[in-house]
Amino acid sequence: MVLQDILILVLLVAALAIGWWLGQREGKQKVDEASAKPAYFAGINYLLNEEKDEAIDSLISVLEKNSDSVDTHLVLAHMLRRRGEVERAIQIHQNLLLAPDLTVLNKQRINFELAQDYISVGLYDRAESLLLREIENDTGDQKSSFEYLLEIYQDTREWERAIEVSERLISREGVFWRNFWPRPKYLEEKLKHAVSHFYCELALEKFTAGEVRAAKKYLKRALNIDNQSVRANMQLAQLYMSAADYRMAIKCLKLTRWQDPELFPEMLPLLTKCYLQLGDGQGLFDYLKAVMAEIPSSPLVILLGGMITTNEGNDAAIQFIIGELNKRPSLRELDFLLDLIANGSDESIKTIQQVVKGLLHGQHNYRCDNCGFSGTNLHWHCPSCKQWGTIKPNIQLDPMVLSNSATSPHSP
Ligand SMILES: [Zn+2]
């Protein structure tokens, strides 16, 4: 309902703009006016009767006869694209480009809108050639052309082109802000972060194709451009593991603890595998205990709890988990504890277990810091807001960032 109201409002504004425009042009295009006015009034009539499709048709026909009203065309076509009627939006934009006496700025605005039409229906080739032409013509807003191109190359997974466009944007930013102090670096940093992910994507492709040397080269580049890239170190570790070089893999995985403590728990399965391959269970246990003292997290508690169960028995593990739960409330740790203490006959524990498992079921393990998108898998590229590296473990499920004193029931 809200969308429909907005639609009607936009149409009304468009219609009123046309009405005003028709009034202003008296004496200049009498023939056009005469043919446009009936369609214009028909459009208003359709609007009043909430016959939106007919209203749009009628208003388009008015616009076709009065092609120098660029803003009204753009509003209407934008609305059509949002409604999913991209073909009609393309038609309006293409017609508009044929209009005589278009200013350079208006031509560029129409071309950007047309590029968005093409991108929205996957006609990437057309959008790309249109944007490259804009860049070649160098008519002004090159930044937007590069940004739309970057969107296309990410959608089509053309990572080398995405890197090239990003680098041009980065150097453009540098030139633009060179006389400013302090120089705003947000966009530059964001682009470098994205480029690092593009190199990781290339590395993944090479690794899958068995080209390990090329994959390693791309991962080094990823770390050169963003030395905080957890992903690059994780992929490097996987690469070393495939060559049975577990010591180098452990070295890469350990670095992620300093790069991003929130993502470190994601490395635990790989770390465990490496240590076990080296037959060094004790080394793993000691390392995890040391990490626990600095950055406790539920996956770490559960992994250690499992190891204590194996080495020292259930009671020791139960005491360990209870100690950790007293420091930070965690549903996952509680679930693990209930599994340890359930002996199959205690109905009350069984009931609590069911409730906890019910609460955990359907919980999303990951959440995007930028848009709030949540899911069960770790994506490096948010499927919703299209940002890189913004998805993190859901800290509501895994309260690793809460300090002990802030949550401990024993604190003063
Ligand atoms: Zn997002």
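Residues numbered from 1 in each chain as written. Predicted model: local features only at pLDDT ≥ 70, side-chain atom pairs only at ≥ 80, totals over all residues.

Undergrad: Tell me about the overall build of the protein, residues and numbers included.
TA: Helices and strands together make up the secondary structure of the protein, namely 20 helices and three strands. Taking the intrachain contacts of the protein between residues at least 6 apart in sequence as the baseline, contacts between residues at least 24 apart amount to 47%. (Helix = DSSP H or I, 4+ residues; strand = E, 2+ residues; numbered from the N terminus. Contact = placed C-beta atoms within 7 Å.)

Undergrad: Outline the sheet that holds strand 2 (residues 374–375), listing residues and values.
TA: Pairing is antiparallel in the open sheet, where three strands are placed in the order 2-1-3. In the strand order of this sheet, the two ends are held by strand 2 and strand 3 (391–393), each with one partner. Sheet topology places strand 1 (residues 366–368) next to strand 2; two bridges connect them, and they run antiparallel. Its bridge partner being in strand 2, Arg367 is matched across the sheet by Ser374. (Pairing = 2+ DSSP bridges.)

Undergrad: Help me get a handle on the nonpolar core, residues and values and all.
TA: Within the largest apolar cluster, 58 residues are counted, with the highest numbers of intra-cluster contacts made by Phe198, Tyr199, Ala203, Leu219, Ala222 and Ala249. Excluding residues that lie within four positions of it along the chain, Ala203 makes contacts with Ala215, Tyr218, Leu219, Ala222 and Gln235. Of all hydrophobic cores here, the second largest spans eleven residues; its members include Ile302, Leu303, Leu304 and Phe336. (Core = buried A, V, L, I, M, F, W, Y, C linked by C-beta atoms within 7 Å. Buried ≥ 20, exposed ≤ 12 C-beta atoms within 10 Å, placed from the backbone.)

Undergrad: Quick rundown of the environment of Val301? Include the residues and the values.
TA: Mapped onto the fold, Val301 is located in helix 16 (residues 298–312). A C-alpha to C-alpha distance of 7.3 Å links Val301 and Glu333, two positions 32 residues apart in sequence. Those residues within four positions of Val301 in sequence are excluded, and the remaining contacts are Pro296, Ile321, Glu324 and Glu333.

Undergrad: How would you summarise the environment of Tyr366 if you had to cite specific residues and measurements?
TA: Mapped onto the elements, Tyr366 comes out in strand 1. With near-sequence residues (within four places) excluded, Tyr366 lies in contact with Ser374, Gly375, Asn377, Leu378, Ile391, Lys392, Pro393 and Asn394.

Undergrad: I'd like a rundown of helix 6 (residues 104–120), residues and numbers included.
TA: Between its terminal C-alpha atoms helix 6 stretches 24 Å, which fits the 24 Å expected from 17 residues at 1.5 Å a residue. Those residues of helix 6 that sit buried are Ile110, Asn111, Phe112, Glu113, Leu114, Ala115, Asp117 and Tyr118. Residues of helix 6 that are buried make contact with helix 4 (70–82), helix 5 (86–97), helix 7 (124–137) and helix 8 (142–155). Once helix 6 ends, the next one or two residues include Gly122, with phi positive near 80 degrees. (Expected span 1.5 Å × (residues − 1).)

Undergrad: Could you give an account of the confidence of the model for the protein, with specific residues and numbers?
TA: Overall, the predicted model of the protein reaches an average pLDDT of 82, with 76% of residues at or above 70. Note on residues 26–31: pLDDT is under 50 here. Beyond four places in sequence and across chains, it has zero contacts. A low-confidence stretch, residues 400–412 stays under pLDDT 50, and its non-local contacts, those more than four residues away or across chains, total 16 contacts. (pLDDT = per-residue confidence, 0-100.)

Undergrad: Help me get a handle on the packing of helix 14 (residues 268–277) against helix 15 (residues 281–294), residues and values and all.
TA: The interhelical angle for the contact between helix 14 and helix 15, taken along N-to-C directions, is 145 degrees, at an axis separation of 7 Å. Residues Leu271, Thr272, Tyr275 and Leu276 of helix 14 touch helix 15, and the partners they reach there are Gly281, Gly283 and Leu284. Partitioning the contact of helix 14 with helix 15 into residue classes produces four nonpolar, three polar and no charged. (Axes fitted to C-alpha atoms, helices over the stretch in contact; angles between N-to-C directions. Nonpolar A, V, L, I, M, F, W, Y, C, P; charged D, E, K, R; others polar.)

Undergrad: Could you give an account of the environment of His197, naming the residues involved and the relevant values?
TA: Position of His197 relative to the elements: it lies in helix 10 (residues 186–208). C-alpha separation for the pair His197 and Trp159, spaced 38 residues apart in sequence, amounts to 9.2 Å. Ignoring anything within four residues of it in the chain, the contact list for His197 reads Arg231, Trp380, His381, Trp388 and Gly389.

Undergrad: Talk me through the packing of helix 10 against helix 12 (residues 230–242); I want residue IDs and the actual numbers.
TA: Where helix 10 meets helix 12, the closest approach of the two axes is 10 Å, and the angle between their N-to-C directions is 15 degrees. As judged from the angle between their axes, helix 10 and helix 12 are roughly parallel. Considering how the two elements wind past one another, helix 10 and helix 12 form a crossing that is left-handed. Between helix 10, through Ser196, His197, Cys200, Ala203, Leu204 and Phe207, and helix 12, the contact on the second element is made entirely by Arg231, Ala232, Gln235 and Leu239. For the contact of helix 10 with helix 12, the class distribution of residues is six nonpolar, three polar and one charged. (Parallel < 35°, antiparallel > 145°, perpendicular 65-115°, else oblique. Left-handed = near helix turned anticlockwise from the far one by under 90°.)

Undergrad: If you had to explain helix 12 to someone new, which residues and values would you point to?
TA: With 13 residues, helix 12 should reach 18 Å at 1.5 Å per residue; the first-to-last C-alpha distance of 19 Å fits that figure. Among the 13 residues that make up helix 12, ten are buried, leaving the element largely enclosed by the rest of the structure. Those residues of helix 12 that sit buried are Val230, Arg231, Ala232, Asn233, Met234, Gln235, Leu236, Ala237, Leu239 and Tyr240. Among the structural elements, helix 10, helix 11 (212–225), helix 13 (246–259) and helix 14 are those in contact with the buried residues of helix 12.

Undergrad: Which residues make up unusual backbone geometry, and what values go with them?
TA: Positive phi, normally seen in glycine, also occurs at Arg157, with a value near 60 degrees. Along the chain, Arg157 turns up in the loop between helix 8 and helix 9 (159–176). Residue Arg157 is classed as exposed on the basis of its 12 C-beta neighbours within 10 Å.

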